[in-house]
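# Observations on the model geometry
Listed below are the residues making up each chain.
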Amino acid sequence: MQEKSMPTSNTGIMRATHLLQLPQEMLTEIIRYLPPAEKSKVRATCSLFKDLVDQPVVWQKSTIVLRRISAFNAEFWDVLRKRKITSVEVKEIGLKQWQKLLRFMPGLLDVTVDSLWSKEILQGLQLLTGLQKLHLKMCSRLSERSIIREIVHFQHLTHLLLCGITFLSSSELIRIACLQNLHLLSLHTVQKALPEKALEYVLFHLPKLRELSLSYILNKEHFLLCLSLPDRLPIPYSSEESPPVPKLQLHTLALRQTGYNLLSERFLDQLSTIHTLTVCYIKDFLLHSVDVFGQVLKNLPNLTELNLLWISNLDMFVDNIPSSLVKLSVIGTKLSDSALSCLSDKSWKLREMDLTLSYGFDEKTLKQFPHLFPLLTRLCLSGFVLTDNILLSLAKMESLRELDVTGSTNLTKEAIQNFHITTDCRVHLLVEWHSVSSKCDCLWST
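Please read all numbers here as calculations on a predicted model, not as lab measurements.

Along the protein chain, the regular secondary structure elements total 18 helices and 15 strands. The proportion of buried residues among the 446 residues of the protein chain is 47%. Considering only contacts within the protein chain whose residues lie at least 6 apart along the sequence, 64% involve residues at least 24 apart. Here the protein chain has roughly 22600 Å² of accessible surface; of this, 52% comes from carbon and sulfur atoms.

Before going further, it helps to examine unusual backbone geometry. Residue lysine 84 is not a glycine yet carries a positive backbone phi of 55 degrees. With respect to the helices and strands, lysine 84 occurs in the loop between helix H5 (74-82) and strand S2 (87-91). A residue is classified by how much of its surface remains accessible, and lysine 84, at 59% relative accessible area, is exposed. One non-glycine residue, leucine 357, lies in positive phi territory at about 60 degrees. Note on placement: leucine 357 falls in the loop between strand S12 (352-354) and helix H14 (363-367).

With that settled, consider the packing of aromatic side chains. According to the stated counting rule, one finds four aromatic pairs in the structure shown. Between the aromatic rings of phenylalanine 76 and tryptophan 77, the centroid separation amounts to 5.3 Å while the plane-to-plane angle is 80 degrees, which identifies the pairing as edge-to-face. Looking at phenylalanine 76, the relative accessible area reads 24%, which means it is partly exposed. Summarising the aromatic geometry, the rings of phenylalanine 369 and phenylalanine 373 are spaced 5.1 Å apart at their centres and angled 70 degrees between planes, so their arrangement reads as edge-to-face. For the pair shown, phenylalanine 369 and phenylalanine 373 are each scored as buried. Ring-pair connections join several aromatic residues into one group, and the members of that group are Phe76, Trp77 and Phe104. Seen from the ring of tryptophan 59, lysine 39 lies directly overhead, with NZ or CZ sitting 4.3 Å from the centre.

A few words on the environment of glycine 130. If you trace the backbone, glycine 130 turns up in the loop between helix H7 (119-124) and strand S4 (133-136). Glycine 130 sits in the partly exposed class, given a relative accessible area of 27%. C-alpha of glycine 130 to C-alpha of leucine 109: the two residues are 21 residues apart in sequence and 6.0 Å apart in space.

One pass over the full model with this rule turns up 15 salt bridges. Put simply, aspartate 78 and arginine 81 hold a salt bridge, and the shortest N to O gap is 2.5 Å. Pair noted here: aspartate 78 and arginine 81 are both in helix H5, with a separation of three residues, about one helical turn. The partly exposed category is assigned to arginine 81, whose relative accessible area is 43%. Arginine 175 is the salt-bridge partner of glutamate 172, the closest N and O atoms lying 3.5 Å from each other. Within this structure, Glu89, Lys91, Asp114 and Lys137 form a network of salt bridges that share partners.

We now examine the confidence of the model for the protein chain. Across the protein chain, pLDDT averages 82, with 81% of residues at or above 70. Note on residues 1-7: pLDDT is under 50 here. Beyond four places in sequence and across chains, it has two contacts. In the model, residues 260-265 has pLDDT below 50 throughout and makes 23 contacts with residues more than four positions away in sequence or in other chains.

Attention now goes to the pairing of strand S11 (residues 327-331). For S11, a buried count of four out of five residues is recorded, marking the element as mostly surrounded by other parts of the structure. Pairing of strand S10 (residues 305-309) with S11, which is carried by five bridges, proceeds in the parallel orientation. The residue bridging leucine 306 from the neighbouring strand is leucine 328, located in S11. Inspection of the sheet shows S11 paired to S12 by three bridges, in the parallel sense. Of the residues in S12, the one forming a bridge with serine 329 is aspartate 354. Taking the sense of rotation as the criterion, the β-α-β connection linking S11, helix H13 (residues 337-346) and S12 turns out right-handed.

A few words on a nonpolar patch on the surface. A grouping of Tyr281, Trp310 and Leu357 is seen on the molecular surface, where their side chains present a nonpolar patch of about 260 Å² in accessible area. Checked against the element boundaries, tryptophan 310 lands in the loop between S10 and S11.

This brings us to the pairing of S10. Along any regular strand the residues' side chains alternate between the sheet's two faces. The buried fraction of S10 amounts to five of the five residues, a majority that puts the element mostly inside the structure. Both faces of S10 are covered, namely the face carrying Glu305, Asn307 and Leu309 and the face carrying Leu306 and Leu308. By the bridge criterion, five bridges tie strand S9 (residues 276-280) to S10 in an arrangement that is parallel. Within S10, the position partnered with threonine 276 by the bridge is glutamate 305.

Right, let's talk about the side chain of glutamate 305 for a bit. Among the secondary structure elements, glutamate 305 is positioned in strand S10. A polar contact is formed between the side chain of glutamate 305 and the side chain of asparagine 307, at a distance of 3.2 Å. Each residue touching glutamate 305, except ones within four places of it in the same chain, is listed here: His275, Thr276, Leu277, Leu325 and Lys327.

So, on to helix H8 (residues 144-151). Counted residue by residue, H8 has six buried out of eight residues, so it is predominantly covered. When H8 is considered as a whole, its buried residues turn out to be Glu144, Ser146, Ile147, Ile148, Glu150 and Ile151. Buried residues in H8 make contact with H7, S4, strand S5 (159-165) and helix H9 (170-174).

Mapped onto the fold, histidine 251 is located in the loop between helix H11 (222-226) and strand S8 (252-256). Here histidine 251 falls in the partly exposed class, since its relative accessible area comes to 31%. Expressed as a C-alpha distance, the spacing of histidine 251 and asparagine 302, which sit 51 residues apart in the sequence, is 9.0 Å. Leave out the neighbours within four places in its chain, and histidine 251 touches Arg210, Thr273, Ile274, His275 and Thr276.

What counts as what
- Residue numbers run consecutively from 1 along every chain, following the written order of its sequence.
- Totals for whole chains, interfaces and linings use every residue, but because this is a predicted model, local features are given only for residues with pLDDT of at least 70 and side-chain atom pairs only at 80 or more, for both listing and counting.
- Each side-chain value is worked out from all heavy atoms of the structure, with water and hydrogens disregarded.
- Strands here are runs of E lasting at least two residues and helices are runs of H or I lasting at least four, both read from the DSSP assignment and numbered beginning at the N terminus.
- The rule is simple: take the accessible area with a 1.4 Å probe, protein chains only, and divide by the maximum for that residue type; under 20% is buried, over 50% is exposed, in between is partly exposed.
- Residues are treated as being in contact if the distance between any of their heavy atoms lies within 4.5 Å.
- Residue burial considers only the protein chains on display, and all accessible areas are found by Shrake-Rupley using a 1.4 Å probe.
- A pair of Phe, Tyr and Trp rings is counted when the ring centres sit within 6.5 Å of each other, with Trp represented by its six-membered ring. The angle between the planes then sorts it: under 30 degrees is stacked, over 60 is edge-to-face, the rest tilted.
- Definition used: whenever NZ (Lys) or CZ (Arg) falls within 6 Å of the ring centre and also within 35 degrees of the ring normal, the charge is taken to sit over that ring.
- What makes a salt bridge here is a side-chain nitrogen of Lys or Arg within 4 Å of a carboxyl oxygen of Asp or Glu, nothing more.
- The predictor rates its confidence in each residue with pLDDT, a number between 0 and 100.
- At least two bridges found by DSSP between two strands are what make those strands a pair.
- A crossover gets the label right-handed when its path from the first strand over the helix to the second runs clockwise, viewed with the strands pointing away from the viewer.
- Patch rule: a residue counts if its relative accessible area is over 30% and it has no salt bridge; like charges are joined within 9 Å, and nonpolar side chains (Val, Leu, Ile, Met, Phe, Trp, Tyr) within 5 Å.
- Think of a polar contact as two N or O atoms within 3.5 Å of one another; within protein, one of them needs to be a possible hydrogen donor and the other a possible acceptor, and neighboring residues in sequence only count if both atoms come from side chains.

This is how it looks when you write it as structure tokens:
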């Protein structure tokens, strides 16, 4: 007797039934890995998934971006409270909407304000008694006095990022030193250099500081002083204040628009603990102290991540890149075939490489990547015009798990399909442009 085939609709119902029979813990774990848009679709399917998606554990590491808050109703706020959202980024907000946000979500720990236009916005933050991370963008609309005098009330802050701020007064900058719990400090000014003595005071009075990001340090020698503890502090501290730390314990340092004079052997000792170094758009790169920067790299024994953005030429100091490097990003920078060959010999621990918009190397070198960098798990060649033959050559990289070739419009569907077959679909291939989140846009832009 011939068995009848089951209708397609019934097959779909059976698959859905089998899915619902999975343990809720397993379903929750699957949902955690979905992007927010997909979570919303799953939530709309049935009451079970609605409850699972709204669990706080699903949103533990999520930042909710809020636009036009006036359009949200009470049910929306109830859902956010149920999910116990603790991190938000606020865009396009008026004062009344801001007050509504603070009233409905008093447990926020991490807040990013896209455009700081009113002192009342800062004053309202005082309702967030447990605030730990604060990122204020476009701060130039308010005076530094208004900003700093409100911020110092948040003694629990561990992360402070101020973008587009102009420090005209050393006395205001020094106030940041009272935030003794700061782990990360990011100060990005608008065309004005930070007062070096005040910055020096702040850095050496933050004992827990591990991550530092600065921009527009243009004055010669000034940044050298900030990383060199003098015999006598230029700004005395009272007996009630904590004494300065004898040495900075930075793990991460990011510099933009700095002027190359800061890269000096005078502060090598202060950088010995650095794990991650980011240098973006240094002025007069070809004219000043290339050998000194090479010496800086050579004397960073703990460096595992190096990010170079819009630097003229990597060849000048590639010999000094430490063998401890695990992650390397070279964005919009010239590097030759010989530089890549040298990098292959020196950085044998390299696991991730990003060459977005970089140039100077040819197709022959790209085809040799499986031999030059056999341990790479992630490779980004965004903006590079790849051919089908190069893509198939990269398929031979046995450790590769992610390959970004966005912008390579010459690739054929057949080549992409053959790549997946050759790699047995173990490599996540990115061929379409995708959004990349960044803590601070002003650090990465030129």
